[in-house]
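# Observations on the model geometry
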Amino acid sequence: MSETLFTKIINREIPADIIYEDDLSLAFRDINPQAPVHFLVIPKQAIATINDIAESEREIVGHLYLVAAKLAKSMGFADDGYRTVMNCNEHGGQTVFHLHLHVLAGKPMGWPPYTDKLKV
Ligand code: 5GP
């Protein structure tokens, strides 16, 4: 797959507010936050979309959730709660084609998550 700006963040070619890093993943604050706390947890391995996750990559994807929970605890919002979102392709609203888990926190979230008035 072609390199995205998230690969550039991993390689420190463009700046980001990085809050966590380990061998498999990186977490950094979203440049356009949609909640008081909004960061992204991404795999260092470039996977374009949920549709592209290979069986052999299941541990990497599970790891993203473990990192989200670890950071929720260390940042103090685990008990209040939070939302994780992973958008896929056009209808899902995905704009960066490097897998990423949104973590949103710091206020009660509405449901359903979309704001349009279309009936399902
Ligand atoms: P998506 O729409 O693909 O689910 O989410 C992409 C997210 O990446 C968006 O929430 C957007 O604000 C964030 N984003 C896009 N470009 C940058 C950037 O250069 N730096 C950071 N920190 N976040 C970015």
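Up top you'll find the structure we're talking about.
The structure contained in this document is the topic of the report that follows. Just so it is clear, the structure is predicted and the values come from calculations on it, not from any experiment.

This part covers the site of the ligand. Taken together, 16 residues surround the ligand, and among them Arg29, Asp30, Asn87, Thr95 and His102 come closest. Taking valine 96, its main chain carries an N or O atom lying 3.0 Å from an oxygen atom of the ligand. The separation between an oxygen atom of the ligand and a polar side-chain atom of histidine 100 is 2.9 Å. For the ligand, the protein covers 83% of the area, taking 520 Å² as the surface of the free molecule. Residue assignment for the shell around the ligand shows that the elements contributing at least two residues are helix 1 (5-10) and strand 2 (25-29). It is helix 1 that contributes the most residues to the shell around the ligand, 3 residues altogether.

The subject of this paragraph is the side chain of histidine 38. Inspection of the secondary structure assignment puts histidine 38 in strand 3 (residues 37-43). A distance of 3.0 Å separates the side chain of histidine 38 from the backbone nitrogen of glutamine 34, its partner in a polar contact. In terms of polar contacts, histidine 38 uses its side chain to reach the side chain of histidine 102, at 2.9 Å. Every residue in contact with histidine 38, bar those within four places of it in the chain, is listed here: Arg29, Asp30, Asn32, Pro33, His102, Val103 and Leu104.

Moving on to the pattern of salt bridges. The full count for this structure, using the stated rule, is 5 salt bridges. With a closest N to O distance of 3.2 Å, lysine 8 and glutamate 3 form a salt bridge. Here arginine 58 makes a salt bridge to glutamate 55, at a shortest N to O gap of 2.3 Å. Classification of arginine 58 as exposed rests on a relative accessible area of 57%. Since its relative accessible area comes to 60%, glutamate 55 is described here as exposed. Several salt bridges share partner residues, and in doing so they unite Arg12, Glu21 and Lys44 into one network.

Reading the values: the criteria
- Residues numbered from 1 in each chain as written.
- Predicted model: local features only at pLDDT ≥ 70, side-chain atom pairs only at ≥ 80, totals over all residues.
- Heavy atoms only, no water.
- Near = heavy atom within 4 Å.
- Polar contact = N/O pair within 3.5 Å; in protein donor to acceptor, adjacent residues only side chain to side chain.
- Areas by Shrake-Rupley, 256 points an atom, 1.4 Å probe, with all protein chains shown as cover.
- Helix = DSSP H or I, 4+ residues; strand = E, 2+ residues; numbered from the N terminus.
- Contact = heavy atoms within 4.5 Å.
- Salt bridge = Lys/Arg side-chain N within 4 Å of Asp/Glu carboxyl O.
- Buried < 20%, exposed > 50% of the residue type's maximum accessible area, 1.4 Å probe, protein only.

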